[in-house]
Amino acid sequence: MRLLLEKRSEHSQLMTVISPLIAVALTLVTGGFMFLAMGLNPFEALYVYFLEPLKFFWTFAAEDFWPLEQLAVKAAPLVLIGAGLAVAYSANVWNIGAEGQLTAGAILGAVVPVYFTDWQSPLTLIAMLALGAIGGMLWAAIPAFLKNRFGASEILTSLMLVYVSQLLLDWLVRGPWRDPAGHNFPQTVAFADWQVLPVFGESSLHLGVLLAVIAAAALAFMMARTLKGFEIKTLGVSPRAGRFAGFSRAGSVWFCLLLSGGLAGLAGIAEVMNTVGQLQPKISPGYGFTAIIVAFLGRLNPLGTLIAGLALAISYLGGEAAQVSLGVSDKSARVFQGILLFYVLACDTMILYRPKFVMDRPALAEKPT
Amino acid sequence: MSELLAIVLTIITASTPLLLAAIGELVVERSGVLNLGVEGMMAIGAVCGFGAALASGSPYLGILAAMAAGAALSLLFAFLTVTLVSNQVATGLALTLLGLGLSGLIGESFVGQPGVKLERLHIPGLSDIPYLGPILFGQDLLVYAALAITAAVAYLLFRSKLGLVIRAVGDSHQSAHALGYGVIPVRYACVVFGGTCAGLAGGYLSLAYTPQWIENMTAGRGWIALALVVFGSWLPWRVALGAYLFGTVMILGFAVQTKGLGIPPQFLSSLPYLVTIVALVVISGNRALTRANTPACLGQPFVPDR
């Protein structure tokens, strides 16, 4: 039996919507087998991993609301970065170094608490956020420049810069930026009250969550309703057609990298301002890489990344929960994320092609002409 | 002088995994497939090789396990990109994320365990020649294997019919298909060859280079190998030269570090990544060279018409 792919005459709208759902379902089934192989009850493990964080929806108990807040807080950086990457990938600009841009944003944003520790003004937060975004943009400008000027692959340069930024951060927190009163721990001074993002009411939901929603909505509007969005999509689908329309390929490389880099930088500074509270050698559990999965699971649509970001945030929370109550390593979360991306990409084939199983190649002689 | 000898020996062991991974990826790209999952396949190769060697006590079984693990992951990649014509860039990234995640999970119980080391060969007489002996005749088996693979790939790609078919598939899959060559089987074979080499490269890290398991011990070497293919403009011996140049840069960084010149270690550690960027810029800036050797169908999907 062989698998044949038959090109559809147009994109299947139905498959665009249900292919990520099929992918999630297949990931859960695969995960069940994985837990079984680890000697766990797969149903119990999957419940702890993926449903426990959502318990509020059927218990409505106040104490179950907290995981939902955590979910939103974890999803915020994923959505911020993922929405930007979705735009970049639509234009065939492969920025895979968002983790590095996140780190660069966190570093530049932390200049305020490190050097202007006592500067207390309504502008403090704005300055930190702006510096964070600029840090990410500067870091992303390097691959953009090298791509346009020398034709160097942005895939490899942006990724190499991830390692460079992490080593830079490591040097800063162990060297010049180390908190002198920090008992030699590799960390900067803890950010003061006026250097962290405001939270909504009594919750742990901070301004970064709102920023993520705004960014996703704004980018969705840009892609669907503006000339810039049309330009990006055209250059992505058909660079030749884009050139004839007068769209600049170099311009879109700059735009996409600066946009996705800036958002990653923003996510980075927001993350250290609230979740971490200071600079440390490790400030992110790989949000920049997970956001790649968010972009694809969200159909390269900024609004889709909102849902996809929440879905992947569950894997982080579930990983922590599974470690506590099942003794499963939280590293399993990254395995789930990798498997999920595989299934998403495999299922996406059905958008463009109709899979057909044929028993065998018919002999040429028997074929009616 | 013996210090210099030690440095040269370490350079060779640092270059070998880069060469193994890069030469495999070169064949994959020559067949028109871009597999960005080298890093993930190396990580899986490293952890499986380490585990198998630990369980059996034999580094050679570890090497076989590393190769099998890399090949298995690459088969998954081939199924998605060749059969299901998924996006090669995205699928390669998925492979890297999965490989790194899975290796961390598998290797959790290996952390801190002393590994099984792949010993260097010792040929009585020859290996004892001062200086030249240890360099030429006293390496471990895989150092020679990497060079032998390079020679074989150089010969097969450019001096045999098989190589002509592989390059035809990579340069113009429609023409190759029209001539009756199986584009899909050729690509499957090349991808699996690349995965085997990447697994072997990973196994080399955990069995010979530093015989232990540390999470993320590949430290971007898979990505550097990808850059090396571009740097060597898809020519086997240039890739080998590039791998040894990179190994030299990495080790000189360490050597300077031990001298304690007051340069922060993080700067020296970031040297290989910065050098990779510079190398990419230099070679990509030379448009004539890259255009002449880049496989024309690199990264493009192929669906046979019937």
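Definitions and limits used
- Residues take numbers from 1 onward in each chain, read along the sequence in its written order.
- For naming, the first written chain is A and the first written ligand is 1, with later ones following in the order written.
- Residues qualify for local features only when their pLDDT is at least 70, as the model is predicted, and side-chain atom pairs are given and counted only at 80 or more; totals for whole chains, interfaces and linings, by contrast, use all residues.
- Put simply, DSSP marks the helices as runs of H or I at least four residues long and the strands as runs of E at least two long, and each gets a number from the N terminus on.
- In this description the radius of gyration comes from C-alpha coordinates, and the expected globular size is given by 2.2 Å times residues to the power 0.38.
- Here a residue counts as buried when 20 or more other C-beta atoms sit within 10 Å of its C-beta, as exposed when there are 12 or fewer, and as partly exposed otherwise, the C-beta atoms being derived from the backbone.
- Once C-beta atoms have been placed from the backbone, residue pairs whose C-beta atoms lie within 7 Å are recorded as contacts.
- All axes are obtained by fitting lines to C-alpha atoms, using only the stretch in contact for helices, and the reported angles, taken between N-to-C directions, cover 0 to 180 degrees.
- Working definition: roughly parallel below 35 degrees, roughly antiparallel above 145 degrees, roughly perpendicular at 65 to 115 degrees, and oblique for all remaining angles.
- Charged residues are taken to be Asp, Glu, Lys and Arg, nonpolar residues to be Ala, Val, Leu, Ile, Met, Phe, Trp, Tyr, Cys and Pro, and polar residues to be all remaining types, Gly included.
- For any pair of crossing helices, the crossing counts as left-handed if the nearer helix is rotated counterclockwise from the farther one by less than a right angle, and right-handed if it is rotated clockwise.
- In this analysis, the expected span of each helix is defined as 1.5 Å times one less than the number of residues it contains.
- The pairing criterion for strands is at least two bridges between them, as found by DSSP.
- pLDDT measures how confident the predictor is about each residue, on a scale from 0 to 100.
- Only buried Ala, Val, Leu, Ile, Met, Phe, Trp, Tyr and Cys residues enter a nonpolar core, and they are joined through C-beta atoms within 7 Å.

### Topic: the overall build of chain A
No. 1: When its secondary structure is counted, chain A shows 15 helices and 2 strands.
No. 2: For 369 residues, the compact-globule formula gives about 21 Å, and the C-alpha radius of gyration of chain A, at 23 Å, lands near that figure.
No. 3: A principal-axis box enclosing the C-alpha atoms of chain A has dimensions of 85 × 55 × 35 Å.
No. 4: A buried classification covers 50% of the 369 residues belonging to chain A.
No. 5: Put simply, of all contacts in chain A between residues at least 6 apart along the chain, 77% involve residues at least 24 apart.

### Concerning the packing of helix α1 (residues 2-30) of chain B against helix α9 (residues 183-209) of chain B
Residues and elements named next belong to chain B.
No. 1: Packing of α1 against α9 brings their axes to within 7 Å, and their N-to-C directions diverge by 170°. As judged from the angle between their axes, α1 and α9 are roughly antiparallel.
No. 2: For the contact of α1 with α9, a count of residues per class yields 18 nonpolar, 5 polar and 1 charged.

### Things to note about the packing of α1 of chain B against helix α10 (residues 221-231) of chain B
Residues and elements named next belong to chain B.
No. 1: Axis separation between α1 and α10 bottoms out at 8 Å; the angle between their running directions is 55°. With respect to each other, α1 and α10 are oriented oblique. Where α1 crosses over α10, the two elements pack in a sense that is right-handed. Facing α1, whose interface residues are Pro-17, Leu-18, Ala-21, Ala-22, Glu-25, Leu-26 and Glu-29, α10 presents Arg-221, Gly-222, Ile-224, Ala-225, Leu-226, Leu-228 and Val-229.
No. 2: Tallied by class, residues from the contact of α1 with α10 come to 10 nonpolar, 1 polar and 3 charged.

### Quick notes on the environment of Ser-86 of chain B
No. 1: Secondary-structure assignment places Ser-86 of chain B in the loop between α3 (59-83) and α4 (88-106).
No. 2: Taking the C-alpha atoms as reference, Ser-86 of chain B lies 22 Å from Arg-167 of chain B; in sequence the two are 81 residues apart.
No. 3: Filtering out sequence-adjacent residues up to four positions away, Ser-86 of chain B remains in contact with Leu-345, Ala-346, Asp-348 and Thr-349 of chain A together with Leu-80, Thr-81 and Thr-91 of chain B.

### A closer look at the interface of chain A and chain B
No. 1: Opposite the 39 residues of chain A that make contact, chain B presents 39 residues.
No. 2: Among the secondary structure elements, those contributing two or more residues to the side of chain A that touches chain B are β1 (2-7), α7 (123-150), α8 (154-174), α13 (287-297) and α15 (332-352) of chain A.
No. 3: When residues in the side of chain A that touches chain B are grouped by element, the largest group, 12 residues, is from α15 of chain A.
No. 4: Residues of the side of chain A that touches chain B, tallied by class, amount to 25 nonpolar, 9 polar and 5 charged.

### Side note on helix α12 (residues 249-276) of chain A
Residues and elements named next belong to chain A.
No. 1: Over its 28 residues, α12 runs 38 Å from end to end, which matches the ideal 40 Å to within 8%, given 1.5 Å per residue.
No. 2: Counting buried positions along α12 gives 21 out of 28 residues, so the element sits mostly inside the fold.
No. 3: Gly-277, located one to two residues past α12, shows a positive phi value of around 85°.

### With respect to the environment of Asp-64 of chain A
Residue and element names in this part refer to chain A.
No. 1: Its place among the elements puts Asp-64 in the loop between α3 (56-59) and α4 (65-90).
No. 2: Along the primary structure Asp-64 and Lys-7 are separated by 57 residues, whereas in three dimensions their C-alpha atoms are 47 Å apart.
No. 3: Among all residues touching Asp-64, those that are not within four sequence positions of it are Lys-55, Phe-56 and Thr-59.

### A word on the pairing of β1 of chain A
Residue and element names in this part refer to chain A.
No. 1: Here β1 lies mainly on the outside; 0 of its 6 residues are buried.
No. 2: Strand direction decides the pairing type here: β1 and strand β2 (residues 353-358), joined by 6 bridges, are antiparallel. By the bridge assignment for β2, Arg-2 is matched with Val-358.

### Side note on the confidence of the model for chain A
No. 1: Mean pLDDT over chain A stands at 89; residues scoring 70 or higher make up 97%.
No. 2: Every residue in residues 365-369 of chain A is under pLDDT 50, and counting partners more than four places away or in other chains gives 1 contact.

### Let's talk about α10 of chain B
No. 1: Counting buried positions over the 11 residues of α10 of chain B gives 11, a clear majority of the element.
No. 2: Taken residue by residue, α10 of chain B has Arg-221, Gly-222, Trp-223, Ile-224, Ala-225, Leu-226, Ala-227, Leu-228, Val-229, Val-230 and Phe-231 of chain B as its buried positions.
No. 3: If you follow the buried residues of α10 of chain B, they end up packed against α8 of chain A together with α1, α2 (38-56), α9, α11 (236-259) and α13 (271-285) of chain B.
No. 4: Phi for Ser-233 of chain B, located one or two positions after α10 of chain B, is positive at around 40°.

### Looking at the nonpolar core
No. 1: Ranked by internal contacts, the top residues of the largest apolar core, which has 216 residues, are Ile-81 of chain A together with Ala-22 and Leu-228 of chain B.
No. 2: Excluding its chain neighbours within four sequence positions, the residues that come into contact with Leu-228 of chain B are Leu-18, Ala-22, Val-239, Gly-242, Ala-243 and Phe-246 of chain B.

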